[in-house]
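# Tertiary structure, described
One letter stands for each residue in the lines below.
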Amino acid sequence: TVGHKKGGVGKSTLAVNLAAEAARLGRDALLVDADSGIGTATRWIADRAEDPALTPISHTQQTGNVRAALLDFGTRYGVVIVDVAGRDSAELRTALTASDLLLIPTQPSQADLDAMSPLLHTVREARDFNPHLRTLAVLTRASTHVFSRAARDAIEYLGDLDGLAVAQTLVHERTAYQAGLSLGRGVVEMEDRKARAEIQLLAQELGL
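Residues numbered from 1 in each chain as written. Predicted model: local features only at pLDDT ≥ 70, side-chain atom pairs only at ≥ 80, totals over all residues. Heavy atoms only, no water.

The next point concerns unusual backbone geometry. Of note, Arg-141 is a non-glycine position whose phi angle comes to about 55°, a positive value. Take Arg-141: it is sitting in the loop between strand S6 (134-139) and helix H7 (150-159). We classify Arg-141 as partly exposed; its relative accessible area is 42%. (Helix = DSSP H or I, 4+ residues; strand = E, 2+ residues; numbered from the N terminus. Buried < 20%, exposed > 50% of the residue type's maximum accessible area, 1.4 Å probe, protein only.)

Here helix H8 (residues 175-183) has its buried residues at Ala-176, Tyr-177, Gly-180 and Leu-181. Along the long axis of H8, the arc covered by the buried residues comes to 140°, so they all point the same way. Set apart from the buried face of H8 by more than 90 degrees, the exposed residues are Thr-175 and Ser-182. For H8, the secondary structure elements touched by its buried residues are helix H1 (11-24), helix H2 (40-49) and helix H9 (193-206). Where H8 terminates, the next one or two residues include Gly-184, which has phi positive at roughly 70°. (Arc of directions from axis to C-beta. Contact = heavy atoms within 4.5 Å.)

Below, the discussion takes up the packing of aromatic side chains. Counted according to the given criterion, the structure contains one aromatic pair. Between Phe-73 and Tyr-77, the aromatic rings sit 6.5 Å apart at their centres with planes inclined by 80°, giving edge-to-face as the arrangement. For Tyr-77, a relative accessible area of 22% translates into the label partly exposed. (Phe/Tyr/Trp six-rings, centres within 6.5 Å; stacked < 30°, edge-to-face > 60°.)

Scanning the model with the defined rule gives 11 salt bridges in all. A salt bridge links Asp-112 to Lys-6, with the nearest nitrogen and oxygen atoms 2.9 Å apart. On the criterion of sequence distance, the pair formed by Asp-112 in helix H5 (residues 110-114) and Lys-6 in the loop between strand S1 (2-4) and H1 is long-range, its members being 106 residues apart. Judged by relative accessible area, which is 1%, Asp-112 ranks as buried. A relative accessible area of 23% means that Lys-6 is categorised as partly exposed. For Asp-153, the salt bridge identified is with Arg-149, shortest N-O distance 2.8 Å. By relative accessible area, which is 42% here, Arg-149 ends up partly exposed. Taken together, the shared-partner salt bridges connect Lys-5, Asp-88, Arg-93 and Glu-125 into one network. (Salt bridge = Lys/Arg side-chain N within 4 Å of Asp/Glu carboxyl O.)

Turning our eyes to something else, we now look at the packing of H1 against H9. It is the contact of H1 with H9, at a shortest axis distance of 10 Å, that shows an interaxial angle of 80°. Here H1 lies roughly perpendicular to H9, going by the angle between them. Within the contact between the two elements, H1 uses Leu-14, Asn-17, Leu-18, Glu-21 and Arg-24 and H9 uses Ile-199, Gln-200, Leu-202, Ala-203 and Leu-206. Among the residues forming the contact of H1 with H9, the class breakdown is six nonpolar, two polar and two charged. (Axes fitted to C-alpha atoms, helices over the stretch in contact; angles between N-to-C directions. Parallel < 35°, antiparallel > 145°, perpendicular 65-115°, else oblique. Nonpolar A, V, L, I, M, F, W, Y, C, P; charged D, E, K, R; others polar.)

Further remarks concern the side chain of Thr-140. Along the chain, the position of Thr-140 falls in the loop between S6 and H7. Judged by relative accessible area, Thr-140 falls into the buried class, the value being 2%. Those residues within four positions of Thr-140 in sequence are excluded, and the remaining contacts are Val-9, Leu-14, Pro-105, Thr-106, Gln-107, Pro-108 and Val-171.

Time to look at the nonpolar core. Judged by nonpolar contacts, the single largest core of 33 residues is most densely connected at Leu-14, Leu-31, Trp-44, Ile-81 and Leu-103. Going through the elements one at a time, H1, strand S2 (29-34), H2, strand S4 (79-86), strand S5 (101-106), S6, H8 and H9 are the ones with two or more residues in this core. The dominant element in this core, judged by the number of residues it contributes, is H1, at eight residues. Beyond its immediate sequence surroundings of up to four residues, Trp-44 is in contact with Val-16, Ala-20, Leu-31, Ile-57, Gly-180, Leu-181, Gly-184, Arg-185 and Gly-186. With 28 residues, the next largest nonpolar core counts Val-84, Leu-92, Ala-98 and Met-116 among its residues. (Core = buried A, V, L, I, M, F, W, Y, C linked by side-chain atoms within 4.5 Å.)

Below, the structure written as C-alpha cells:
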C-alpha cells in the first residue's frame, strides 16, 4: 500500500510508476485504485490503454473495507500495489491489515513530517490484525539543488521515529513524473534517465 494521511506527497505518482516498473520486469502486477475521491491511478490506466505500444497493467477500483479483496488479490497476482487517498480513511486502515508493506511517500517539509506520527499510530493499530506489516518512508519531490539540505534533514528526522525504516532512494522533483501521469506512462518508459533510475532503485529496495 502506498499511503499517507496527508495529500500531495506523491502517492499516486509512486504507485503508478512502481506498477509500470513491475510490468517492465514481467511481474504479474495489479494496480488497485482505493482512492474514493480523485482516482488518479484509474485515469492513468485509461490514458495508458490508448497507447497500444505500452504493456497493459491489470487494474481495479476498490472502496470501503478493502481487506477481503486485497487478501484475495494477493493469492492471484505476483504483486499488488494499492493507491489510497491522502487522508485517514477506511481504505487506508483496512488496506494496512492486509498488506505486506506500507510505503510512505513524504516531502521534506515540516507539514509532511508532522503528519507522520499520527500515521504511525494507525500502523500500530493495524498490526493488531497484521503483525508482519512493514513500513518504509521515501523522500519525494526532493530538490535537485546540490546544496539543498532539506532532504538530508528530513531523513535524519524520519530516522529518529521509532520503528520506521527510510528508503535509501530519493525521488526528486522532475518534470518526467508529471508528464508520465498525463501520458499513462511510467518514467521507466520515458527518456529521463535520472527519474528512471530512481524508480528502478526504489523497486529494488522493495524487492519487486
